Amino acid sequence: MDDQAAPKINRVTLLIQMLPILLSLLFLVFNSNLLLAEKRENPLRVTIKEYFLAENKISGDRAIAGLSDLDTARRFYHERNYQPAWFGKSGRLTPAKQLIKVLMATVDEGLEPQAYHLARIRSLQKDITIKHRSIKPYHLPSALEQELLLTDAFLTCAGHFLYGRVDPKSIDPQWSNSPKQNDLLHVLQRAIETGQVAENLEYFLPQHIEYFQLKMALLRYRSLSAIGGWPRIGGPDAIGLKEGQRNNTIPALRRRLQMTGDLPSGLLVDDRLLFDENITEAVSRFQFRHGLKIDGKVGGETLVALNIPIEDKINRIKINLDRLRWMSRDLGNPRIWVNIPEFKLYLKENSQTVLESRVIVGRPDRQTPIFSSTMSILIINPNWYIPPGIFINDILPRVRKDPGYLDRRQMTLYRIWEKDTEITLDANEVNWDQYDEHKFPFVVRQDPGPFNELGVMKFMFPNQFDIYLHDTPNKKLYHLTSRENSSGCIRVERYQDLADYLLKENPEWNRDRIAKTIPTRDPIRIDLKRTIPIHLVYHTAWVDTRNLVHFAADIYHRDTPLKKVLGISE
């Protein structure tokens, strides 16, 4: 029995020993079949997978030029098991065609289609089409490159639509606005799955009226550029032109004003060389749109503005469209809008301006910061706690010359409060030479009254810069053409009208009660029952509610670095 059983045991042992080899063979056959199935299913998937799973770093001949973020693309394809997003078994899918159409239209948003590989994508498509005749379903290297470029184009374009082309903090480190967050890969995946590429991309564009109006202005100015722009108003005799004068420059001036709609076309002209009342009105309108002194005369500044090339205007519009893309998608309704270079405040409700007011903004050396917040507090008869820097730089030189200055201006000097005890000091007994704005152990308060720099009203909204809106006793500054005269905060000419609107939900505080409270000089804080978003912006090109395109001087010189980063030549 034992001798007969031995061969059986050996065969079993042999079978056990061969089992790993058999499993390996089965695995190889199974894996080969999978690879063959993959290739039969969509050979581009295999090519994509091989590209991203290569052990060696993707470089040299394997690198695809222009991809902005290879790691993001790798994550996208890994999450979809390396299935191509833009190609099917027999060629390019409809979503790819939709994407290319959107990329071509980015020029209407003030963007540059070449930033999204458009020329290369088109070239590759021709390459694929030609080679498709002999290589089926398509030429894989060309298809791979186009596949990845289309993905990169979608992500880059979506980022530009949502965030703008430039990080605003790279231009202004103090920039502070509500961050926008979105998973662009999720949006791309949704766009591919639904086939709604255009809808998913265009969702990221600003939806507010300010963006739409400026976008339309870009189209208008581009159409003017396409016909050669406007004529140059030349000659030394052009400076100082005014109504009643006759000059050979007048026909060119008339044409220039007609092109931008300042002078209506089709007016009857008896004397084509005469500076008539229609031209005076048109020049005044042009001056209004450019923040110039309005006198209807072609002075030096007006002539310079008239001769700014149309491409410069187009570039100015483009960078301001980017600034609008930096902002939150939801700006709020109603909302307060303060445009610093324009020196204007607007209260907007349902896309209509219900209040417009001149404002005074920060000087170039004390710039008003750019940010958004929520208006929440109104103070009648505010105290002014003078920042150390302002006291040292602006007030202390006067105190040194005039020891009674603080008393006359109703300013009190305090040692920093300790245990809620206010210790007043005599400014004449302080050795001011040992202090500066960084070492200033005092509090200086100006009490309510006719000299108070904040006037009779202060509007507060939380922010890290200690910026607020307020009245001022120095009303004559509102009549200046250029109103950058404050230390950073914003003075509002129509402060009472703004208060009336803000206090609609606080009916106990009507205009009559406010008027009776002001003479008491008692500080009164009112918490608004209805808070309103407020946006401090820096736009040097915009469109008003009358559809007039405006341009303002770059008072803080912020356009130049933005143009440089965006590659826009001066």
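The residue count restarts for each chain, going from 1 along the sequence in the order it is written. Confidence filtering applies because this is a predicted model: local features only for residues at pLDDT of at least 70, side-chain atom pairs given and counted only at 80 or more, and all residues used for totals across whole chains, interfaces and linings. Working from all heavy atoms in the structure, the side-chain values ignore hydrogens and water.

## Describing the overall build of the chain
- Strands are runs of DSSP state E lasting at least 2 residues, helices are runs of H or I lasting at least 4, and numbering of each runs from the N terminus. Along its length, the chain carries 19 helices and 15 strands.
- Taking all contacts inside the chain whose residues are at least 6 apart in sequence as the whole, residues at least 24 apart take part in 69%.
- In these tables, accessible area is a Shrake-Rupley quantity obtained with a 1.4 Å probe, and a residue counts as shielded only by the protein chains included in the view. Carbon and sulfur atoms provide 53% of the accessible area of the chain, an area that totals close to 29,300 Å². Throughout, a contact is declared for two residues whenever any of their heavy atoms are within 4.5 Å.

## Quick notes on the nonpolar core
- Buried Ala, Val, Leu, Ile, Met, Phe, Trp, Tyr and Cys residues form a nonpolar core when they are joined through side-chain atoms within 4.5 Å. Relative accessible area decides the class of each residue, using a 1.4 Å probe on protein chains only: under 20% of the type maximum gives buried, over 50% gives exposed, and in between gives partly exposed. With 69 residues, the main nonpolar core has Ile-336, Phe-391, Trp-432, Phe-459 and Leu-469 as its most contacted residues.
- Among the elements that make up this core, the one with the highest residue count is helix α15 (residues 388-401) (six residues).
- Excluding its chain neighbours within four sequence positions, the residues that come into contact with Phe-459 are Met-375, Ile-377, Leu-378, Tyr-468, Leu-469, His-470, Tyr-495, Leu-498, Ala-499 and Leu-502.
- If you look at the next biggest cluster of nonpolar residues, it comprises 68 residues, including Leu-44, Leu-155, Leu-205 and Leu-331.

## Details of the pattern of salt bridges
- When a carboxyl oxygen of Asp or Glu lies within 4 Å of a side-chain nitrogen of Lys or Arg, that pair is called a salt bridge. In total, this model carries 30 salt bridges according to the counting rule given.
- Between Lys-344 and Glu-356 there is a salt bridge; the shortest N-O distance is 2.8 Å. You can see Lys-344 sitting in strand β2 (residues 344-349) and its partner Glu-356 sitting in strand β3 (residues 352-362), a full 12 residues away along the chain.

## Digging into empty space enclosed by the protein
- Here the term cavity refers to a set of points on a 1 Å grid, laid over the protein atoms alone, in which a 1.4 Å probe fits but cannot get out; the term pocket refers to an open set having protein on both sides within 12 Å along at least five of seven lines, with lining residues being those that place an atom within 4 Å of a point. Grid points are joined across faces, edges and corners, and a volume is the space filled by probe spheres set on the points. Here the structure, examined in full by the defined rule, presents one cavity of 30 Å³ or more.
- By volume, the largest cavity is sized at about 120 Å³.
- For the largest cavity, the full set of lining residues is Pro-168, Ile-171, Asp-172, Trp-175, Arg-323, Trp-326, Met-327, Ile-370, Val-537, Tyr-538, His-539 and Arg-558.
- Classification used: nonpolar for Ala, Val, Leu, Ile, Met, Phe, Trp, Tyr, Cys and Pro, charged for Asp, Glu, Lys and Arg, polar for all others including Gly. For the lining of the largest cavity, a count of residues per class yields eight nonpolar, one polar and three charged.

## Digging into the packing of aromatic side chains
- We call Phe, Tyr and Trp rings a pair once their centres come within 6.5 Å, taking the six-membered ring for Trp, and we label the pair stacked below 30 degrees between planes, edge-to-face above 60, and tilted otherwise. In the structure shown here, the tally under the stated rule is 15 aromatic pairs.
- Between the aromatic rings of Tyr-51 and Phe-52, the centroid separation amounts to 5.3 Å while the plane-to-plane angle is 85°, which identifies the pairing as edge-to-face. Neither Tyr-51 nor Phe-52 differs from the other in exposure class; each is buried.
- With a centroid separation of 6.3 Å and 20° between ring planes, the pair formed by Trp-432 and Phe-440 is classed as stacked. With respect to burial, Trp-432 and Phe-440 carry one shared label: buried.
- Ring pairing ties together the aromatic residues Phe-391, Trp-432, Tyr-435, Phe-440 and Phe-442, which thus form one cluster.
- The side chain of Arg-329 reaches across the aromatic face of Tyr-203, ending 4.2 Å from its centre.
- The lysine or arginine in question, Lys-348, covers the ring of Trp-337, its NZ or CZ lying 5.0 Å from the ring centre. For a lysine, the NZ atom is tested; for an arginine, the CZ atom; a charge sits over a ring if that atom is within 6 Å of the ring centre and within 35 degrees of the ring normal.

## Remarks on the layout of surface pockets
- As a volume, the second largest pocket reaches approximately 910 Å³.
- Of all the elements, α15 adds the most residues to the lining of the second largest pocket, at seven residues.
- For the lining of the second largest pocket, the residue count by class is 15 nonpolar, 11 polar and nine charged.

## What to know about the packing of helix α3 (residues 70-79) against helix α8 (residues 184-194)
- Note on definitions: angles span 0 to 180 degrees between N-to-C directions of axes, and those axes are lines fitted to C-alpha atoms, for helices only across the stretch in contact. Viewed as axis vectors pointing N to C, α3 and α8 meet at an angle of 45°, and their least axial separation amounts to 11 Å. What the angle tells us is that α3 and α8 run oblique. Crossing handedness for the pair α3 and α8: right-handed. Taken together, the residues of α8 that come into contact with α3 (itself represented by Thr-72, Arg-75 and Phe-76) are Leu-185, Leu-188 and Gln-189.
- Of the residues belonging to the contact of α3 with α8, the class tally is three nonpolar, two polar and one charged. Just so you know how the angles are binned, under 35 degrees is roughly parallel, over 145 roughly antiparallel, 65 to 115 roughly perpendicular, and the rest oblique. By convention the crossing between two helices is left-handed if the near helix lies anticlockwise of the far one by an angle smaller than a right angle, and right-handed if it lies clockwise.

## Looking at the confidence of the model for the chain
- Considering every residue of the chain, the mean pLDDT works out to 88; 88% of them sit at 70 or more.
- Counting contacts from residues 1-6, a segment whose pLDDT is below 50, to residues more than four positions away or on other chains yields zero contacts. What pLDDT expresses is the predictor's confidence in each residue, scored from 0 to 100.

## Quick notes on the pairing of β3
- In this scheme, strands are said to pair when DSSP sees at least two bridges between them. Two strands pair when backbone bridges link them, and β2 and β3 are joined in this way by six bridges, in the antiparallel orientation. The residue bridging Tyr-346 from the neighbouring strand is Glu-356, located in β3.
- A loop of two residues connects β2 with β3, the two strands running antiparallel in sequence, and Asn-350 in this loop sits at a positive phi of about 55°.
- Pairing between β3 and strand β12 (residues 490-492): two bridges, direction antiparallel. Counterpart to Ile-360 in the pairing with β12 is Arg-491.
- Relative to strand β11 (residues 484-486), β3 is paired through two bridges, and the arrangement is parallel. Along β11, the bridge assignment pairs Val-361 with Glu-484.

## A word on helix α14 (residues 310-326)
- Its 17 residues give α14 an end-to-end C-alpha distance of 25 Å, which sits within 8% of 24 Å, the value for a rise of 1.5 Å per residue.
- In terms of burial, α14 is a largely internal element, 15 of the 17 residues being buried. One less than the number of residues in a helix, times 1.5 Å, gives the span that helix is expected to have.

## Observations concerning the environment of Tyr-163
- Within the secondary structure, Tyr-163 sits in helix α6 (residues 140-163).
- Setting aside its immediate chain neighbours within four residues, Tyr-163 contacts Lys-180, Gln-181, Asn-182, Arg-325 and Trp-326.

## Focus: helix α4 (residues 94-105)
- With 12 residues, α4 extends 17 Å between its outermost C-alpha atoms, agreeing within 8% with the 16 Å of an ideal straight helix rising 1.5 Å per residue.
- Of the positions making up α4, those classed as buried are Pro-95, Ala-96, Leu-99, Ile-100, Val-102 and Leu-103. Down the axis of α4, the buried side of the element spans an arc of 160°, and every buried residue falls inside it. In α4, the exposed positions that point more than 90 degrees away from the buried face belong to Lys-97 and Lys-101. Comment: arc refers to directions from the helix axis out to C-beta atoms.

## Considerations on unusual backbone geometry
- A cis amide bond links Asn-333 with the next residue in sequence, Pro-334, at an omega value of 0°.
- With respect to the secondary-structure elements, Pro-334 resides in the loop between α14 and β1 (335-339).
- Within the chain, Arg-521 stands out as a residue other than glycine whose phi angle is a positive 60°.
- Note on placement: Arg-521 falls in the loop between α18 (511-517) and β13 (524-537).
- Exposure remark for Arg-521: the relative accessible area of 40% places this residue in the partly exposed category.
- A positive phi angle, close to 70°, is found at Asn-547, a residue other than glycine.
- Mapped onto the elements, Asn-547 comes out in the loop between β14 (541-543) and β15 (549-551).
- For Asn-547, a relative accessible area of 42% translates into the label partly exposed.

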